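These are the residues of each chain, in order.
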Amino acid sequence: MAGPAPSAADELPGPAARRLYSRMEASCLELALEGERLCKAGDFKAGVAFFEAAVQVGTEDLKTLSAIYSQLGNAYFYLKEHGRALEYHKHDLLLARTIGDRMGEAKASGNLGNTLKVLGRFDEAAVCCQRHLSIAQEQGDKVGEARALYNIGNVYHAKGKQLSWNAANATQDPGHLPPDVRETLCKASEFYERNLSLVKELGDRAAQGRAYGNLGNTHYLLGNFTEATTFHKERLAIAKEFGDKAAERRAYSNLGNAHVFLGRFDVAAEYYKKTLQLSRQLRDQAVEAQACYSLGNTYTLLQDYERAAEYHLRHLLIAQELADRLGEGRACWSLGNAYVSMGRPAQALTFAKKHLQISQEIGDRHGELTARMNVAQLQLVLGRLTSPAASEKPDLAGYEAQGEFQGCGGVLFPTGTDRIRSCGGVGRQKMAPTSQFFLASGTAQA
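The residue numbering used here restarts from 1 in each chain and proceeds along that chain's sequence as written. Only residues with pLDDT of 70 or above have their local features reported here, since the model is predicted, and side-chain atom pairs are shown and tallied only from 80 upward, although totals for entire chains, interfaces and linings are computed over all residues. By convention in this description, side-chain values take in all heavy atoms of the structure and omit both hydrogens and water.

Engineer: Where do I start with the overall build of the chain in this structure?
Structural biologist: Here a strand is any run of E in DSSP of at least two residues, a helix any run of H or I of at least four, and the numbering for each starts at the N terminus. Helices and strands together make up the secondary structure of the chain, namely 17 helices and 3 strands. By residue count, 53% of the 446 residues in the chain fall in the buried class. Surface accessibility of the chain: about 19,600 Å² in total, with carbon and sulfur atoms responsible for 51%. Buried residues are those whose accessible area, probed at 1.4 Å on protein chains only, stays under 20% of the maximum for their type, while exposed residues exceed 50% and partly exposed ones sit between those limits. Each accessible area is a Shrake-Rupley result for a 1.4 Å probe, and residues are judged covered by the shown protein chains and nothing else.

Now the structure itself:
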């Protein structure tokens, strides 16, 4: 990376060198300000180009250079170039320490922590965020302290979810967690509670909303569903207060998820309907499809199979429109389940065959195996129905629905991750955007 000034300036007489440095300072600052303007407008790629140019021009003002490094790190973070973001936040941290800027060191540590968290380097992230917290407390910076507490909570939340995904018993429902996962999520909850207490003291309602949402998500994963609903209701109230429709939609979805595990399927359905309504207002088709999928599964639990089929069909149509083949396959599987439950094996076979075809096309081995078994069983049943000795009611005991119809009836429900699991053990199936129960990430999107 270029130094603060070109070496040619060192050879100029004193007054001339000062004039050159002055022009360079103006040029560097102008480039940086334009980069900042572009980033604020959402054009991070162009913003990065201006910040990089500012670094190349150079400056003797180390605080300005530190600010540019910080902005570059943030811009690369938003561009999802996390390796480059890490590089510039490290430069910023080193520079802040060099000039003895404690607040700058705190800011850089927080940014490093957030970047390391996204990279899955959770222990390093926790160290950086803890340093941010310590400096903020040392400097009496309550706002910085609140941010650090929130970020530490996010690190433990993300680590807990990652540990959960990697657990040997990967099909457990929320609350059925290995001790290390439970301990990690409890730490997340502790830091979110401390953050909530402080932002209440500061009167920051928006930050309170984020804290409530993340507490709801963490307690959901811990299996504390009643507590989760309490926190999500608070999050919902603040979302409404700010007119934040996206956050309101997430809160309704999260409330639906928690009520499923409380056995309040009728209440869950009402929350999912509100999710569906808001997703349409927001013109978010992927979330609309997720809401339809959730409603289809919830009506299956309510044993209203006609309505379940109606929502799964709506999910199927949106998945097709979005060219989401995995979601389309899941919708066909769900529709097959619904028609089996209604005692209509011919319609079920149509969707089981479609599920098989899609699974083969996209390389979904688990889906293909399940679909093959279901097609074979349905063909056997239909063969029996056409025989002279056919019974009035088809025997579909061998049909494999989504899960083994135990616990929550084999219907797939969320864990607060980007996967879904079944109460009956479908397992670690990576889900399509339109076919997962949607739960907010628990960090930036609480």
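Engineer: Just to check I follow, could you spell out the UniProt feature "repeat: TPR" (unreviewed entry) in the chain for this structure?
Structural biologist: When the UniProt feature table is mapped onto this chain, "repeat: TPR" (unreviewed entry) is found at residues 249–282. Span residues 249–282 is 88% helix and 0% strand, its end C-alpha atoms 9 Å apart. UniProt positions are given in the numbering used here, feature names are shortened, and annotations may be inferred rather than shown by experiment.

Engineer: Explain the packing of helix H3 (residues 62–78) against helix H4 (residues 82–98) to me, please; I cannot follow it from the model alone.
Structural biologist: Convention adopted: a line fitted to C-alpha atoms gives each axis, helices being fitted over their contacting stretch, and angles between N-to-C directions are expressed from 0 to 180 degrees. Following both chains from N to C, one finds H3 and H4 inclined at 160°, their axes separated by 7 Å at the closest point. Relative to H4, the element H3 lies roughly antiparallel. When you trace H3 past H4, the crossing you get is left-handed. From H3, Leu62, Leu65, Ser66, Tyr69, Ser70, Leu72, Gly73, Asn74, Tyr76 and Phe77 reach across to H4, where they touch His82, Arg84, Ala85, Tyr88, His89, His91, Asp92 and Leu95. Residue type decides the class: Asp, Glu, Lys and Arg count as charged, Ala, Val, Leu, Ile, Met, Phe, Trp, Tyr, Cys and Pro as nonpolar, and the leftover types, Gly among them, as polar. Taken together, the residues of the contact of H3 with H4 sort by class into 9 nonpolar, 7 polar and 2 charged. By the definition adopted for this analysis, an angle is roughly parallel if under 35 degrees, roughly antiparallel if over 145, roughly perpendicular if from 65 to 115, and oblique otherwise. In this scheme the crossing of two helices becomes right-handed for a clockwise turn of the near helix relative to the far one and left-handed for an anticlockwise turn of less than a right angle. The contact criterion used throughout is that any non-hydrogen atoms of two residues lie within 4.5 Å.

Engineer: Looking at this model, I keep getting lost on helix H10 (residues 225–242). Mind explaining?
Structural biologist: Taking 1.5 Å per residue, 18 residues should reach 26 Å; H10 reaches 26 Å between its end C-alpha atoms and fits that length. For H10, the complete set of buried residues consists of Phe225, Ala228, Thr229, Phe231, His232, Arg235, Leu236, Ile238 and Ala239. Those residues of H10 that are buried lie in contact with helix H8 (179–202), helix H9 (205–222) and helix H11 (245–261). Positive backbone phi, at 65°, marks Gly243, one or two positions downstream of H10. Expected span, for any helix, means 1.5 Å times one less than how many residues it has.

Engineer: Would you take a moment to explain unusual backbone geometry for this structure?
Structural biologist: Of all residues except glycine, most have a negative phi; of all peptide bonds, most are trans. One non-glycine residue, Lys80, lies in the positive phi region at around 65°. Secondary-structure assignment places Lys80 in the loop between H3 and H4. Unlike most non-glycine residues, Gln303 shows phi in positive territory, near 60°. Along the chain, the position of Gln303 falls in the loop between helix H13 (285–301) and helix H14 (305–321). Assessed through its relative accessible area of 58%, Gln303 is described here as exposed.

Engineer: I would appreciate a short explanation of the nonpolar core in the present structure.
Structural biologist: The biggest cluster of nonpolar side chains holds 31 residues, and the ones touching the most others in it are Ile152, Val155, Tyr156 and Leu196. Going through the elements one at a time, H4, helix H5 (102–118), helix H6 (122–139), helix H7 (142–166), H8, H9 and H10 are the ones with two or more residues in this core. Leave out the neighbours within four places in its chain, and Val155 touches Lys117, Phe122, Ala125, Ala126 and Cys129. Ala258, Phe265, Ala308 and Tyr311 belong to the second-largest nonpolar core, a separate cluster that totals 23 residues. We call a set of buried residues a nonpolar core when its members are Ala, Val, Leu, Ile, Met, Phe, Trp, Tyr or Cys and they connect through side-chain atoms within 4.5 Å of each other.

Engineer: Sorry, what's going on with the environment of Val143 here?
Structural biologist: One can find Val143 in helix H7. For Val143, a relative accessible area of 43% corresponds to the partly exposed category. Sequence separation of Val143 and Asp204 is 61 residues, and the distance between their C-alpha atoms is 9.5 Å.

Engineer: How should H9 be read in this particular structure?
Structural biologist: Helical geometry note: an α-helix holds 3.6 residues per turn, so side chains three or four residues apart project in the same direction. The end-to-end C-alpha separation of H9 is 26 Å, in line with the 26 Å expected for 18 residues at 1.5 Å each. H9 sits mainly inside the fold: 15 of its 18 residues count as buried. In protein, a polar contact means a hydrogen-donor-capable atom and an acceptor-capable atom, both N or O and within 3.5 Å, with residues adjacent in sequence counting only if both atoms are side-chain atoms; elsewhere, any N or O pair within 3.5 Å suffices. At the N-terminal boundary of H9, the capping side chain belongs to Asp204, with an oxygen 3.3 Å from the backbone nitrogen of Ala206. Directly beyond the C-terminal end of H9, a positive phi value near 85° is found at Gly223.

Engineer: I'm lost on the pattern of salt bridges in this one. Help?
Structural biologist: Pairing between side chains of opposite charge can happen when the charged atoms of each approach one another. Salt-bridge detection follows one rule: a side-chain nitrogen of Lys or Arg within 4 Å of a carboxyl oxygen of Asp or Glu. The final tally for this structure, using the stated rule, is 22 salt bridges. The salt bridge partner of Arg121 is Glu124, with a shortest N-O separation of 2.9 Å. Its relative accessible area of 39% is what places Glu124 among the partly exposed residues. The partner of Glu328 in a salt bridge is Arg325, with the nearest N and O atoms 2.9 Å apart. Separated by 3 residues within a single helix, Glu328 and Arg325 lie in helix H15 (residues 325–341), roughly one turn from each other.

Engineer: What should I look at first to understand the confidence of the model for the chain in this one?
Structural biologist: The predicted coordinates of low-pLDDT regions are not to be read in fine detail. With 79% of its residues at a pLDDT of at least 70, the chain reaches an overall mean of 85. In this model, residues 1–12 is a region of pLDDT below 50 whose contacts with residues beyond four sequence positions or in other chains number 24 contacts. pLDDT is defined as a per-residue confidence score from the predictor, taking values between 0 and 100. Confidence over residues 437–444 falls short of pLDDT 50; this stretch has 39 contacts with residues more than four positions distant or in other chains.

Engineer: Which parts of the structure should I look at to understand the environment of Arg84?
Structural biologist: For Arg84, the location among the structural elements is in helix H4. Separated by 12 residues in the primary sequence, Arg84 and Leu72 place their C-alpha atoms 8.6 Å from one another. Discounting chain neighbours no more than four positions away, the residues touching Arg84 are Glu52 and Tyr76. Side chain to side chain, Arg84 and Glu52 meet in a polar contact 3.3 Å long.

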